[in-house]
Amino acid sequence: MPIIASCGHTLSESEGMGISLAIKGQSKDGSRCIRYIVACQKCATRYRSDGQVLETKQDEYNYINHN
Ligand SMILES: [Zn+2]
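Quick caveat: nothing in here was measured; it's all calculated off a predicted structure.

Colleague: Explain the overall build of the chain residue by residue, including any values.
Modeller: The secondary structure content of the chain amounts to two helices and two strands. Counting from the amino terminus, helix and strand elements in the chain follow one another as β-β-α-α. By its C-alpha atoms, the chain is 40 × 25 × 20 Å across when sized along the principal axes. Within the span of the chain, comprising 67 residues, buried residues form 16% of the whole. Long-range contacts, defined as pairs at least 24 residues apart, comprise 48% of the intrachain contacts of the chain with a sequence gap of at least 6.

Colleague: Can you explain the nonpolar core? Please cite residues and give values.
Modeller: Ranked by size, the top nonpolar core spans ten residues in total: Ala5, Ile19, Leu21, Ile23, Ala39, Cys40, Cys43, Ala44, Val53 and Leu54. Filtering out sequence-adjacent residues up to four positions away, Cys43 remains in contact with Cys7 and His9.

Colleague: Provide a residue-level description of the environment of Gly51, including the pertinent values.
Modeller: Position of Gly51 among the secondary structure elements: in the loop between helix H1 (41–49) and helix H2 (57–65). Through-space distance from the C-alpha of Gly51 to that of Ile23 is 8.9 Å; in sequence the pair is 28 residues apart.

Colleague: Could you give an account of the pairing of strand E1 (residues 19–26), with specific residues and numbers?
Modeller: Of the pairings in the sheet, the one linking E1 to strand E2 (residues 32–39) comprises eight bridges and is antiparallel in character. In the strand pairing of E2, Ala22 is matched with Tyr36. The turn linking E1 back onto E2 is made up of five residues, and Gly30 within it adopts a positive phi angle of 90°.

About the thresholds
- Each chain carries its own residue numbering, running from 1 in the direction its sequence is written.
- In keeping with the predicted nature of the model, local features appear solely for residues at pLDDT of at least 70, side-chain atom pairs appear and are counted solely at 80 or more, and the whole-chain, interface and lining totals rest on all residues.
- In this description a helix means any DSSP run of H or I spanning at least four residues, a strand means any run of E spanning at least two, and both kinds are numbered starting from the N terminus.
- Think of it as a crowd count around each C-beta: if 20 or more other C-beta atoms lie within 10 Å the residue is buried, if 12 or fewer it is exposed, and in between it is partly exposed, with C-beta placed from the backbone throughout.
- Residues are treated as contacting if the C-beta atoms built from their backbones sit within 7 Å of each other.
- The term nonpolar core refers to a set of buried Ala, Val, Leu, Ile, Met, Phe, Trp, Tyr and Cys residues connected through C-beta atoms within 7 Å.
- At least two bridges found by DSSP between two strands is the condition for calling them paired.

Okay, here's the thing in structure tokens:
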């Protein structure tokens, strides 16, 4: 049974259940929020190189509280 990650890609066997990430998001009213997603290897690398990943709880806190 194929597993589809949040990014829309099918995960390969070596990727298992995918990579859990907290990424920068925006809610409908425009305020900052955190999106918890599961990405494939390729997209996880892309999110990281784009600076979209909140790696630690401190990163998450800083992102949410810096407006
Ligand atoms: Zn992907």
